[in-house]
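An overview of the molecular structure
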Amino acid sequence: MSRKKIQKWNLAFVAICGMVGVIFTLMIIYISEGYFDLSILLGALTTMVILIIINVFKVNLKRDKTPDTDERTVNNLIKFYFYSSHIFLGILLLALGIITFIGINVISITYLWIIIITYLFICGIGALIVSRK
């Protein structure tokens, strides 16, 4: 198979690899903790099936030979990710400096996760907007 044919099935490949990762993680949890959480397995299986169905529709509905993205779009996305990550790190370092200057020595991990998830959400929405222009 050529590389172009394999690239069409990236979403299905990611879904299958994710399922393998979930099964591997559940095995590690079962060995170390002694319990097996079936709800995680069922949720991952449902997600995998949905992603594979979306990939099948995407491959079968595209009839023309035009590429999904061109060089300008890829370059715009690279620039967006470059600037957004640097701006985020700058804001984070500035905030940490201010927090340190105020005298707060302990920061909850929950707040750090909220910041990371917000960054990923903003970058995802921004990449969607940049890729459409």
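Structure first, text after, so check above.
Figured I'd write up the structure that's included with this text. (Residues numbered from 1 in each chain as written. Predicted model: local features only at pLDDT ≥ 70, side-chain atom pairs only at ≥ 80, totals over all residues. Heavy atoms only, no water.)

**A word on the overall build of the protein**
Stated formally: Where helices and strands are cited, they refer to DSSP runs of H or I of at least four residues and of E of at least two residues respectively, numbered from the N terminus. Each radius of gyration is computed over the set of C-alpha atoms, and the globule rule expresses the reference value as 2.2 Å times the number of residues to the power 0.38. When accessible area is computed with a 1.4 Å probe and restricted to protein chains, residues below 20% of their type maximum are described as buried, those above 50% as exposed, and intermediate ones as partly exposed. Here a residue-residue contact requires only that any non-hydrogen atoms of the pair lie within 4.5 Å. The Shrake-Rupley method, run with a 1.4 Å probe sphere, supplies the accessible areas, and residue values consider only the shown protein chains as cover. In summary, the charge assignment counts Lys and Arg as positive and Asp and Glu as negative, without counting His or the chain termini. Throughout, a charge is located at the NZ atom of Lys, the CZ atom of Arg, the CG atom of Asp or the CD atom of Glu.
For the protein, the count of helices and strands is five helices and zero strands. Secondary structure elements of the protein, listed N to C terminal, follow the sequence α-α-α-α-α. Here the protein has a C-alpha radius of gyration of 21 Å; the compact-globule value for 133 residues is 14 Å, and the former is much larger. Each of the three principal axes of the protein carries a C-alpha extent, and together these read 60 × 50 × 20 Å. The 133 residues of the protein split such that 11% are buried. In the protein, once contacts between residues fewer than 6 apart in sequence are set aside, the share between residues at least 24 apart is 71%. Accessible surface, the protein: about 11200 Å² in total, of which carbon and sulfur atoms supply 73%. The centroid of the 12 positive side-chain charges in the protein is displaced by 12 Å from the centroid of its 6 negative side-chain charges.

**Describing helix α2 (residues 10-33)**
Put simply, the test is: Here a helix's expected span is defined as the number of its residues, less one, multiplied by 1.5 Å.
With 24 residues, α2 should cover 34 Å at 1.5 Å per step; its first-to-last C-alpha distance of 34 Å lies within 8% of that length. Considered for burial, the residues of α2 that qualify are Ala12, Ala15, Met19 and Leu26. If you follow the buried residues of α2, they end up packed against α3 (38-61). Once α2 ends, the next one or two residues include Gly34, with phi positive near 95°.

**Here we look at helix α5 (residues 109-132)**
Here α5 is 24 residues long and its end C-alpha atoms lie 35 Å apart, about the 34 Å a rise of 1.5 Å per residue gives. Taken together, the buried positions of α5 are Cys123, Gly126, Ala127 and Val130.

**With respect to the layout of surface pockets**
So the rule is basically this: Here a cavity denotes grid points, spaced 1 Å and computed from the protein atoms alone, that fit a 1.4 Å probe unable to get out, and a pocket denotes an open set having protein on both sides within 12 Å along at least 5 of 7 lines; residues with an atom within 4 Å of a point are the lining. Grid points are joined across faces, edges and corners, and a volume is the space filled by probe spheres set on the points. Residues are grouped as follows: Ala, Val, Leu, Ile, Met, Phe, Trp, Tyr, Cys and Pro are nonpolar; Asp, Glu, Lys and Arg are charged; all remaining types, including Gly, are polar.
Taken as a whole, the second largest pocket spans an internal volume of roughly 150 Å³. Along its surface, the second largest pocket is lined by Ser84, Ile87, Phe88, Ile91, Ile115, Thr118, Tyr119, Ile122 and Cys123. Looking at the lining of the second largest pocket, the elements that each hand over two or more residues are α4 (71-102) and α5. If you tally residues by element for the lining of the second largest pocket, the top one is α5, at five residues. Taken together, the residues that form the lining of the second largest pocket break down as seven nonpolar, two polar and no charged.

**Some words on the packing of α2 against α3**
Let me state the cut-off plainly: Helix axes are fitted only over the stretch in contact, all axes being lines through C-alpha atoms; the angle between N-to-C directions runs from 0 to 180 degrees. For classification purposes, angles smaller than 35 degrees are called roughly parallel, those larger than 145 roughly antiparallel, those between 65 and 115 roughly perpendicular, and all remaining angles oblique.
Two elements in contact, α2 and α3, have axes whose closest approach is 8 Å; the angle formed by their N-to-C orientations is 170°. With respect to their mutual orientation, α2 and α3 come out roughly antiparallel. Only Ile40, Leu41, Ala44, Leu45, Met48, Leu51, Ile52, Ile54 and Asn55 of α3 make contact with α2, whose side of the interface consists of Asn10, Leu11, Ala12, Ala15, Ile16, Met19, Val22, Ile23 and Leu26. Across the contact of α2 with α3, the residue classes break down as 16 nonpolar, two polar and no charged.

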